[in-house]
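Listed below are the residues making up each chain.
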Amino acid sequence: MIISSYLMIVCGRLLLHYIHQVKKPKGVGVNKHTRQAFLAILLGVISSIALSLVGLAQPHSAYAAGGADWTSYLNGPAHTGYNAGETTLTATTVSRLSVSWQLHSSSTITVQPIVGNNLVYWGGWDGAMHATNLSGSTVWTTQLGSNSHCAPAAGIGSSAALTTIGSRAVVLVGGADTRLYALDANTGAVIWATGDLSNGQGGYIFSAPTVYNGSVYVGVSSPWCDSPLVQGKLYKMNLANGAVQASFTAVPSGCSGGGIWGSPTIDTSTGILYTTTGNGTCSASTPGNYHAGGPRGPKTE
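Draft legend 1. Quick look at the overall build of the protein. Within the protein, the regular secondary structure consists of one helix and 20 strands. Burial analysis of the protein (301 residues in total) assigns 51% to the buried set. A fraction of 58% describes how many contacts in the protein between residues 6 or more apart in sequence connect residues 24 or more apart. Per element, the accessible surface of the protein, about 12800 Å² overall, is 53% carbon and sulfur.

So this is what it looks like as structure tokens:
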């Protein structure tokens, strides 16, 4: 069961989302439709698909989300995959998409690129986090290491999130060293980094960070080969400085597994967080019936 869960998640992560931006054709009304994300199984390729864009603005010193920006995995803490601000990509125009540019990487890419601040942000398994402008030129690259527990070694498997700290535009991303990083969105400089969120166990961050109400949430799992098999955890951290505010362990002490591979999802109307886990090694207390306080203990929100 552990192996089957692992294969399902890894296969799902070998998909690269294309970013699309289109110019409204003449005679086509502007309607509110979901921004479509197309998946392609690729190794080492990131592509941006577009029709045409009018002008290319420079990155802002402070970032405010809006319009057609896609600032996190599935766009927002609820991960609905919907953007009400997207008005040019419609059921009518989507068939007219064509390749505008391609940027080839020497490493594997398993993340969803995010768009905002007039840049595209993405990471690869070589451990490099990139910012690319909307015409495909590299603006900055920051190296965040690699995890050598598996072969091939994995670098960045976490889709990033674009947000602000004060007036500063910031990119949040999980590094291969199981640390969460806050990078300056315009330069790639490290603003803060957490400690090792797997506490030296050799874990990995596939989870995309979720930003909500001044905090950032991220999950920890085993590396892609499940060696070592570590205890899955979910963290809540202060957005301003990365300090850990709370944590949840998916399996009881003494057990391993229960990795949190996906991105935590938050119902913003209730403040309840939802997440999924892999299988644990303790048959009596698997993630399906384990809550803080012990098996079938009090439910946490």
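Draft legend 2. Examining the packing of aromatic side chains more closely. This structure, assessed with the given rule, holds four aromatic pairs. Relative to Trp 261, the ring of Phe 206 lies with its centre 4.8 Å away and its plane at 15°, an arrangement referred to as stacked. Here the residue Phe 206 occupies a position in the loop between β12 (190–193) and β13 (210–212), and Trp 261 occupies one in the loop between β16 (244–249) and β17 (265–267), the gap between them amounting to 55 residues. In this structure, Phe 206 and Trp 261 share a single accessibility class: buried. Put simply, the rings of Tyr 204, Phe 206 and Trp 261 pair up and form one aromatic cluster.

Draft legend 3. Quick look at the pattern of salt bridges. Applying the stated criterion across every chain yields a total of two salt bridges. The partner of Arg 179 in a salt bridge is Asp 177, and the shortest N-O contact between them spans 3.4 Å. On the basis of relative accessibility, which here comes to 28%, the residue Asp 177 falls in the partly exposed class.

Draft legend 4. Structural detail: the pairing of β16. For strand β15 (residues 233–238) and β16, the ladder comprises five bridges, and the chain directions are antiparallel. Bridge assignment links Met 237 to a residue of β16, and that residue is Val 244. Where β15 hands over to β16, the hairpin turn is made up of five residues, of which Gly 242 adopts a positive phi near 80°.

Draft legend 5. Inspection of the sheet that holds strand β11 (residues 180–184) at higher detail. Pairing in this open sheet of four strands is antiparallel, and the strands run β9-β10-β11-β12 from one edge to the other. Each edge of the sheet is formed by a strand with only one pairing partner; in this case those strands are β9 (161–165) and β12. For this sheet, the mean inter-axis angle between neighbouring strands, taken without regard to orientation, is 30°. Bridging between β11 and β12 involves three bridges; their strand directions are antiparallel. By the bridge assignment for β12, Ala 182 is matched with Trp 192.

Draft legend 6. Structural context of the nonpolar core. With 16 residues, the main nonpolar core has Tyr 121, Met 129, Leu 144, Val 171, Val 173 and Leu 183 as its most contacted residues. Broken down by secondary-structure element, the contributors of at least two residues to this core are β6 (119–123), β7 (128–133), β10 (168–174) and β11. The element that contributes the greatest number of residues to this core is β10, accounting for three residues. In terms of nonpolar packing, the next biggest core, distinct from the first, is built from 13 residues, Leu 172, Leu 180, Ala 182 and Val 220 among them.

Draft legend 7. Quick look at the state of the cysteines. By the definition in use, this model includes one disulfide. The partner cysteine of Cys 150 in its disulfide is Cys 225, sulfur to sulfur 2.0 Å. As the torsion about the S-S bond is roughly -75°, the Cys 150-Cys 225 disulfide counts as left-handed. Residue Cys 150 is found in the loop between β8 (138–143) and β9, and its partner Cys 225 is found in the loop between β14 (215–220) and β15; the two are separated by 75 residues along the sequence.

Thresholds, definitions, all that
Residues numbered from 1 in each chain as written. Predicted model: local features only at pLDDT ≥ 70, side-chain atom pairs only at ≥ 80, totals over all residues. Heavy atoms only, no water. Helix = DSSP H or I, 4+ residues; strand = E, 2+ residues; numbered from the N terminus. Buried < 20%, exposed > 50% of the residue type's maximum accessible area, 1.4 Å probe, protein only. Contact = heavy atoms within 4.5 Å. Areas by Shrake-Rupley, 256 points an atom, 1.4 Å probe, with all protein chains shown as cover. Phe/Tyr/Trp six-rings, centres within 6.5 Å; stacked < 30°, edge-to-face > 60°. Salt bridge = Lys/Arg side-chain N within 4 Å of Asp/Glu carboxyl O. Pairing = 2+ DSSP bridges. Axes fitted to C-alpha atoms, helices over the stretch in contact; angles between N-to-C directions. Core = buried A, V, L, I, M, F, W, Y, C linked by side-chain atoms within 4.5 Å. Disulfide = S-S within 2.5 Å.

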